[in-house]
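Okay, here's what each chain looks like letter by letter:
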Amino acid sequence: MSAGDATGTLHVQHEGRDLALRLSWGALAKLEAMHPAIVNALLRDAGASEVTVQFIFDAVSVALQKGSRIDAAEADELADALLTADPDLFKRLMTTASPGASRGNAPAPEADPG
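Residues numbered from 1 in each chain as written. Predicted model: local features only at pLDDT ≥ 70, side-chain atom pairs only at ≥ 80, totals over all residues. Heavy atoms only, no water.

A.B. asks: What is the right way to read the nonpolar core from this model?
C.D. replies: Nonpolar side chains tend to gather and get buried jointly when the protein is soluble and globular. The biggest cluster of nonpolar side chains holds 24 residues, and the ones touching the most others in it are Leu21, Val60, Leu64 and Leu89. Among the secondary structure elements, those contributing two or more residues to this core are strand S1 (9-14), strand S2 (17-22), helix H1 (25-34), helix H2 (36-43), helix H3 (53-68), helix H4 (72-85) and helix H5 (89-97). Take this core: its biggest share by element is six residues, from H3. (Core = buried A, V, L, I, M, F, W, Y, C linked by side-chain atoms within 4.5 Å. Buried < 20%, exposed > 50% of the residue type's maximum accessible area, 1.4 Å probe, protein only. Helix = DSSP H or I, 4+ residues; strand = E, 2+ residues; numbered from the N terminus.)

A.B. asks: Help me out: how do you make sense of H4 in this one?
C.D. replies: Since one α-helical turn is 3.6 residues long, residues separated by three or four positions face the same way. Here H4 contains 14 residues, and its C-alpha end-to-end distance of 20 Å stays within 8% of the 20 Å for a straight helix at 1.5 Å per residue. Restricting attention to buried positions, one finds in H4 the residues Ala75, Leu78, Ala79, Leu82 and Leu83. When H4 is viewed along its axis, its buried side chains cluster within an angular range of 125° and face the same direction. The exposed residues of H4 that point more than 90 degrees off its buried face are Ala73, Glu77, Thr84 and Ala85. Buried residues along H4 sit in contact with S1, S2, H3 and H5. (Expected span 1.5 Å × (residues − 1). Arc of directions from axis to C-beta. Contact = heavy atoms within 4.5 Å.)

A.B. asks: I tried to follow the environment of Ser24 on my own but got confused; where do I start?
C.D. replies: Residue placement: Ser24 occurs in the loop between S2 and H1. Residue classification places Ser24 among the buried residues on the basis of a relative accessible area of 12%. For the pair formed by Ser24 and Lys66, sequence separation is 42 residues and the distance between their alpha carbons is 7.6 Å.

A.B. asks: What should I look at first to understand the packing of H3 against H5 in this one?
C.D. replies: For any two helices packed against each other, one specifies the inter-axial angle together with the distance between the axes. Axis separation between H3 and H5 bottoms out at 10 Å; the angle between their running directions is 60°. With respect to their mutual orientation, H3 and H5 come out oblique. Regarding H3 and H5, the two cross each other, and that crossing is left-handed. Where H3 approaches H5, its residues Phe55, Ile56, Ala59, Val60 and Ala63 are matched on the opposing element by Leu89, Phe90 and Leu93. Tallied by class, residues from the contact of H3 with H5 come to eight nonpolar, no polar and no charged. (Axes fitted to C-alpha atoms, helices over the stretch in contact; angles between N-to-C directions. Parallel < 35°, antiparallel > 145°, perpendicular 65-115°, else oblique. Left-handed = near helix turned anticlockwise from the far one by under 90°. Nonpolar A, V, L, I, M, F, W, Y, C, P; charged D, E, K, R; others polar.)

If you want it as structure tokens, here you go:
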């Protein structure tokens, strides 16, 4: 985790480059404009049954744009390469971005059972 890192930022390495993926509120708003039904279902915790390949691709691209401060065309190219290399990337991104997630790549704290 780098100094000033935000909660919900996932860090990955690609071709010797440190990349940050972050689904901030602004990133979620951008995704909602592209995929309103899917984002609204996810925010309602209605499950991921409606998630499409296009949504997964767009989520990774938007998270790269926000976290690594890169333009959309470069983020699209990187999203394609990253998802091809690591099909679980989207799941890790969503887990990291969830409200209970810890800072950086640390696992979220366990819920208090009591």
